[in-house]
Structure formats: structure tokens, C-alpha cells
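Given next are the chains, with one letter for each unit.
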Amino acid sequence: MRKLWRSGEPFIWLTGGALATALIMVGGLLAIIVVNAGGFFWPSEVVRLSLKDGKVLTGPIVEREPIPGRADVWRLKVKVANRDLYGADFVWVDESAIARRERPADAAVIERTEWGLLIGTITALKEGGAVVASGPAAWGEIARRLPAAASLRDEIRTIEKRDIGGINHEQEKIRLRLRGLEARGVTGGAEIDGLRAQLAGLQERYKAQEARLAELRGKQTATMVVLADGGKEKELPLAQVVDVSFPNTMSVPAKLGAYAADVWHFVSEDPRESNTEGGVFPAIFGTIMMVMLMSVIVTPLGVLAAFYLREYARQGTFVSVVRIAVNNLAGVPSIVFGVFGVGFFIYAVGGTIDRLFFSEALPTPTYGTGGILWASLTLALLTIPVVIVATEEGLAAIPRGMREASLALGATKLETTLKVVLPAVMPSILTGLILAMARAAGEVAPLMITGVVKLAPALPVDGFWPFVHFDRKFMHLGFHIYDVGFQSPNVDAARPMVFATTLLLLAIVVLLNLFAIATRNRLRRKYATSAV
Amino acid sequence: MPVTLNPNASAASIMETPMVEIERLSLWYGAKQALKDVGMSVPKHRVTAYIGPSGCGKSTLLRCLNRMNDLVDGVRIEGAIRIGGTDISDPALDVTELRKRVGMVFQKSNPFPKSILENVAYGPRILGVRNRTDLDGIVERSLRAAALWEEVSDRLHESALGLSGGQQQRLCIARAIAVEPDVLLMDEPCSALDPIATAKIEELMLELKNSYTIVIVTHNMQQAARVSDYTGFMLLGELVEFGVTRQLFTNPRDRRTEDYITGRFG
């Protein structure tokens, strides 16, 4: 036994086993996420189940499990959708109660802007109440009209968001200037009259846009009639139809096409129906912008602090204490940083900014409430130990001879630091930044109280001056996962979306890291230094 | 260039122009005295070697000449050092100006993690040379002077860390002479090199002494005998003997010097 241990074999197995265990756990987690997320976009077959008691259920089967406490009896979970007709998206059915299973070719899965999926048979197309086409001919006519309906919907959205949004933006600015003037005691005069005239002009423009909207909405008269299970009919305006598919008749290439389109919609569109439908684009945008902003803040701050600690401060007890404190900062629960962010950044700093520069908007806070800037600052604070420690280690690894060589050439300490030490320590700084970004992208708790919201009305970057709005609240993939998974009114329907969002978040973290790693490797090649 | 000196002359009576004059120099690291009352003068355009066992203070003495000891905490220095007539121990003296006049090559080659060209151009840039053509000229001249130009002229933009140990050390010499110092200090420049690279550097030193005053610290007595015109033997912080190299090696005046060079200790 002793001999065996001394041979080293068991220790190799022990180390290998530890690595294997870690890999299996991480791999298993990834596999669960990938499998669940990947299946979300696949157009699954629609099955029509006729039960022995005469009821009919149509929809994809999403789960099959044994009934608890009874051996060999299984039940199915069917996504019948049609929440507006039945009240619930999912129905459990005992397999023993099923009389017949069919795969009807005419079963349509309709994605709409409200109420989730609609599953049924398309029976007619109506225009202003009058039937235009019915039976099998109806679908042909609907398919012809859908693109026009979609572009009409987009046009209305553009007017609402961009044109009317722009008018609102300007009105708000003028209103604030008026309030500012009033606060200073100006109640009349040319300036106020001018502003009032501008307001009136804007009101005119608003009315014109309203009229245009009304006209466009007036065109949305076409509806389709869908016959659902139990003989219920639903009249659905074409304006609400996002997509219609017949999964039972789709070929594999067609399904792949639909899959790709669904993935694209997921990453490029705004969420609908309290985040349980639609895409996650605002959350992707918010996550990336927040991480970038955090990087821009944390890198200079952390690097400068590390330079002082290692290059300038006299090494002694005090510096050691500071170093220990910085290292321990990394172990403070992130929610504590969040609370600090609220107390210091939002209330103290933001509140002061509001009093000084945005007093006309008070009591509505501008910077004195959660926003992307404060969230980024809070995360920068959270990740600064990582950057400091990595930079300090890099500085310690730079040979003394390199600094001496520069000093011996008559360079000052500053010149040495900037021209020799900084380039040599760059790879270490990037290592720290990689770790910081990975940490920040996955952090949720401090964000929840410093500026992340369930649904942000606008992106932090848009077409209105000053284009980047650091005071805006934003959406974040990590919070989105929590919100959709645990705060959603329809958890079952939203569950695949949780996995898809998780996969996306992981992909973004990996992408950000790959970018930083590529930069670091390029720098390393350039300087070919052994110091990591 | 062979040096013709009277082998019987004592150090003090040699008719040379002194470049560096050291007077009653003592140095303490904290409470420990590392140099004791050292006095000597280094003649211009000659190679002067310091030999002695490890810890005898020869590197410390060398580093006094460009005030690199300033970087060490708790150093205290007494006495005077004049280089070209200027007292360099004056606290008001700008050490960067001094170091531009007194170049240094270290024991371990320490090129910057930059290209070969940038390594040599580093000093001139610090001095404020911005013109590309001027810089290229300085780089070529320095690399030629360091006998490295033929080997690296086609890869000036590659990393200096890709060079061999001997090439790196010659690059460090080129970097040091790019700012055209008066004095070149060499702290055991060959201790990490193989015999062939060492021979090249020694050859180079004989070449360079036409333009620079060289002070070298070495462990290797043969090296001191081969390259230097004057040698100082140090022991426990004292300069035991200083004189013309040939005389010191063939006819040492001090018993301790004789013991050391004949290998009886050290």
C-alpha cells in the first residue's frame, strides 16, 4: 500500500479525478442549457389528441412523465396555447384517457403580438366584417396579405416611437426650460412667449402625427377566423399576426429556416407580453454597454491604484494592510456593493447632480435614480480588486533590471513607468480586465437596485441629443433570466426562454473574453515578454 | 591600441587625464558599512577593472558612479566623487543628467520588451531626439559600435528578446552608448555569457575605450588582465590596491592581493 502511494500513481488518479469531476459538472450544466435552449426555437409537431370523454386537445407535446405514486401510468403535458380562450397554456393528460392521436396537416401555429400562441385551423378571412375567402382558399389570401399587414404595423410603430417620441422629447425639454424660468421668478416676457409658441407648434405637429396614425389604423380591418379546439372561434386581426406556420407539413429544411429566423428574432427584437415572448435585444444591448462602461471605468482606476501600491508607495505595514483589504473586497457579497451604489452613487452623487444641474425637473429625479452609469460604477467598484491584484502581480513580475536599465539611461521614474513598465505590464492588465468583465457580465444582485429594470422604454443610446443617456435605466440578460424565470405571470410558457437567455448570456461572456484574450495574445507577441 | 605605461610607476604617479576622481568614499547600507574610505582616480579613455571576492563592494562602488544606489532605501554616503570635474554627490544634482553622461551595462542583459530599434532609440528619445532620420542614424552607429549591426540590420523591428544572450548584452551596450556618455560602467557584463560571446564583448571593450572611459567590475581575473589598463583590488569594502594592471597581477604590493590573484582565497 505504502509502495503504491510512493509510486505516485494514486495521486495522479486523484488529481485527474478532481479535474474530471469539475469538468463533468460544468459540462452537465452547459449541456442542460444548450439542449433546453436549442429546442426552444424548433417548430415541433402539433398533435391532436381525442380523449375518451370526447374532448379534443391540439398542440405540441412538451413533456411526458410518470404519474407520481402509480406505476407504469404516464401523463403528457400538451401546450394547447390559446390562453385567451382556455385560460391556461398547458394541459396535463393521462395517456390512458387518450382515444386517438392525429397529426392534422391544417393545424396552424400562429404567433401574435398579444396572448401568446394561437393554435387551430384557419377557416376564413374577413375584411371589415365581410368574408373575403373561406376554407382552404383563406390561407392563400392571408399569406398574400401578411407582409403588407406587417409593414403597416412597423410603420405605425415607427411613428409612435420615433416621430411622436421625438415630439415628446422636445416638449419635455421646453417644459423643463419653462419650469426653470418660473423657478427663477420669470413669469412673462419674450422668452416665455417664444417657448409657449414652440410648445403650441409641437402640439400641432403631434396632432398631425395622430391623424396619420388614425388613418393607418383605419386600414387595419382584415381579420382571420381561426377555429380552435372545442369549436371555439377566434377572430384575429391580421395586424396582430407575427407569423403563421404549419409545423406538421413543414420539411426539415423549412424547419431549419424557421429555426434560424426564430433565433434571429430572439436576438434582434424587443420583448413582448411582459418579456415572455419576443426577443431580448434591449437586454443584450444593456448588458454589453454596461460591461463596456464598467471596463472603461475600472481599468484606469485599478491600474493607477496598482501602480501607486507597487511602484511608489513605501512597502510597509500600511501598504500590506491596504493590499489585504483590497483582496478581501473581492469577497464582499455583491449585494453590499449594490446597497453602497444606491446610497452613495444614486442618492449622494446623483442627488447632488440633480440639485445642481437638473433642478427644474425635480422632484422627478434625473440622475438621482438607478441608471446605467450608476450600475456600471457599482460594478466597477465590485471588480476593481481583480484589476488591482492582476496588475500588481504583473508589476511584481517585471525584472528590476528592466527598470534599472531605463533609469541608467537617464530616464526619469515617470518616463520609466510610462515607456517601459506600462507596456510590459499590459498583458497582466488585460488578464485582470478579462476576469473583471466575466464577473460583471454575470452579476445580477447589485444591478437590481442600481438601474436594471424589467422593461426599459428606450435604449441608453438613441437618436436624441446627447445620444448616449447615462441616466437611463436599462435591461440586462442576467436580470432577464431571473425576471422571466421567476417573476413571469406564465412561468411554464417562459421557461424555454430562460434557457435561451442563459445561453445567450454565456455566449456574450465568452465573446467578450475571447476579444480580450485575443488582444492580450497580440500584445504578448508584440512584446514577447515572459511576464504574465 | 596597446597602452604604453611604465610598468614600475605607481598608480598615483601615472600621467593620465583623470575622468573620475573618488575621494575618501564611504557608504553604509543602514548600519552595515559597504565601502570604507575608498579613494582612486579613473583615467580617461582607459579600461579600469575592479576585482575582488563576492560582497567586497566593487559593484556598490560602480553604482556610486551613476548614483544607482539612490534607489536603495537607507543608503548613506560620505566622501566625494567628481566626474569630469563635477561633484556628483551633490544632492541638488539632477541624477538623470548624470546618468546620461554615465552609461551602464548590467550583469544580466536587460533589453526592454520592445524591438531592437526601439531599444537603442530609447535613450536618444529620452534626450529629445524626435527626427526619424537622426534616430535611424544613431541606431545604426550605436549598433555598429557594439559590433551588432551585421547580425541584426535585417530585423531591427523584431523583438529584442529574440536575440541570443551575447547579442542581448551587446544590444545593451549599444543602447548605453547611443546617448554618447563619457563613462561606461559595466557590472560583470560577461558573467552570464559563454566564452565566445565573452570574447566578443572583450574585443568590443578594447575598441570602445578609444571613445569612452570604461569601468568594469568582474569576477574573472583573467578577464581583468586581458582587457583592463588599470585594476583595483577590493576586499571587505576597502580598496586594497590600485595600479597598472600588469603590475598588479605580476608584482602586487599588498600581501592580500597576491593571495587573491594566486587563488589562495576568494
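Residues numbered from 1 in each chain as written. Chains lettered and ligands numbered in written order. Predicted model: local features only at pLDDT ≥ 70, side-chain atom pairs only at ≥ 80, totals over all residues.

Re the overall build of chain A
1) Next: Along chain A, the regular secondary structure elements total 15 helices and 14 strands.
2) Next: Its C-alpha atoms give chain A a radius of gyration of 30 Å, clearly above 24 Å, the size a compact globule of 532 residues would have.
3) Next: Once the C-alpha set of chain A is aligned to its principal axes, its extents read approximately 95 × 90 × 40 Å.
4) Next: Sorting the 532 residues of chain A into buried and exposed places 30% on the buried side. (Helix = DSSP H or I, 4+ residues; strand = E, 2+ residues; numbered from the N terminus. Rg over C-alpha atoms; globule rule 2.2 N^0.38 Å. Buried ≥ 20, exposed ≤ 12 C-beta atoms within 10 Å, placed from the backbone.)

Here's the deal with unusual backbone geometry
Residue and element names in this part refer to chain B.
1) Next: In the Ramachandran plot, Asp37 falls in the positive-phi region, its phi being about 50° despite a non-glycine side chain.
2) Next: Checked against the element boundaries, Asp37 lands in strand β2 (residues 32-43).
3) Next: Here Arg67, not a glycine, exhibits a phi torsion of approximately 55°, which is positive.
4) Next: In this structure Arg67 comes out as buried when scored by C-beta crowding, with 21 C-beta atoms within 10 Å.

Looking at the domain arrangement of chain A
Residue and element names in this part refer to chain A.
1) Next: With domains assigned, chain A is organised as domain 1 (47-108), domain 2 (123-254) and domain 3 (289-389 + 424-526).
2) Next: If you look at the interface, domain 1 gives eleven residues, while domain 2 gives nine residues.
3) Next: Going through the elements one at a time, β2 (56-59) and β7 (107-112) are the ones with two or more residues in the side of domain 1 that touches domain 2.
4) Next: Top contributing element to the side of domain 1 that touches domain 2 by residue count: β2, with three residues.
5) Next: In terms of residue class, the side of domain 1 that touches domain 2 is built from eight nonpolar, two polar and one charged. (Domains from an automatic or database assignment. Contact = placed C-beta atoms within 7 Å. Nonpolar A, V, L, I, M, F, W, Y, C, P; charged D, E, K, R; others polar.)

Remarks on the packing of helix α4 (residues 136-183) of chain A against helix α5 (residues 190-218) of chain A
Residue and element names in this part refer to chain A.
1) Next: Direction vectors running N to C along α4 and α5 enclose 165°, while the axes themselves pass 10 Å from each other. Judged by the angle between their axes, α4 and α5 are roughly antiparallel. Considering how the two elements wind past one another, α4 and α5 form a crossing that is left-handed.
2) Next: Among the residues making up the contact of α4 with α5, the classes are represented as 15 nonpolar, three polar and eight charged. (Axes fitted to C-alpha atoms, helices over the stretch in contact; angles between N-to-C directions. Parallel < 35°, antiparallel > 145°, perpendicular 65-115°, else oblique. Left-handed = near helix turned anticlockwise from the far one by under 90°.)

Quick look at the interface of chain A and chain B
1) Next: Every contact between the two is made by 18 residues of chain A and, on the other side, 20 residues of chain B.
2) Next: Contributions of two or more residues to the side of chain A that touches chain B are made by α11 (400-408) and α12 (413-442) of chain A.
3) Next: At six residues, α11 of chain A tops the list of elements feeding residues into the side of chain A that touches chain B.
4) Next: Tallied by class, the residues present in the side of chain A that touches chain B amount to twelve nonpolar, four polar and two charged.

Regarding the pairing of strand β8 (residues 118-127) of chain A
Residues and elements named next belong to chain A.
1) Next: Direction of pairing for β7 relative to β8: antiparallel, over a ladder of four bridges. Bridged to Ala108 within β8 is Gly120.
2) Next: Here β7 hands over to β8 after five residues, with Trp115 in that stretch at a positive phi of 70°.
3) Next: Here β8 runs beside strand β10 (residues 222-227); their pairing, made up of six bridges, is antiparallel. Bridge pairing in β10 links Leu125 to Met224.
4) Next: Where β8 meets strand β9 (residues 130-134), four bridges bridge the pair, whose relative direction is antiparallel. Across the sheet, residue Glu127 finds its bridge partner in β9, namely Ala130. (Pairing = 2+ DSSP bridges.)

Things to note about the environment of Thr245 of chain B
Residue and element names in this part refer to chain B.
1) Next: Here Thr245 is to be found in helix α9 (residues 245-250).
2) Next: For Thr245 and Thr48, which are 197 residues apart along the polypeptide, the C-alpha to C-alpha distance reads 8.6 Å.
3) Next: Once you skip the residues sitting within four places of it in the chain, Thr245 turns out to touch Ala224, Ala225, Ser228, Asp229, Tyr230 and Thr231.

Describing the sheet that holds strand β3 (residues 61-66) of chain A
Residue and element names in this part refer to chain A.
1) Next: One open sheet accounts for three strands, arranged β3-β4-β5; its pairing is antiparallel. Edge positions in the sheet fall to β3 and β5 (90-94), since each of these pairs with one other strand and no more. Here the strands of the sheet are splayed against their neighbours by 20° on average, with no regard to which way each runs.
2) Next: Sheet topology places strand β4 (residues 74-79) next to β5; five bridges connect them, and they run antiparallel. Paired with Lys79 across the two strands is Phe90, which belongs to β5.

Quick notes on the packing of helix α6 (residues 165-177) of chain B against helix α7 (residues 195-208) of chain B
Two quantities define a packed helix pair, namely the angle between the helix axes and the distance between the axes.
All names here are of chain B.
1) Next: Direction vectors running N to C along α6 and α7 enclose 20°, while the axes themselves pass 9 Å from each other. Classed by the angle they form, the pair α6 and α7 counts as roughly parallel. As for how α6 packs across α7, the hand of that crossing is right-handed. Only Ala197, Lys200, Ile201 and Leu204 of α7 make contact with α6, whose side of the interface consists of Gly165, Gly166, Gln169, Arg170 and Ile173.
2) Next: Of the residues that constitute the contact of α6 with α7, the class distribution is four nonpolar, three polar and two charged.

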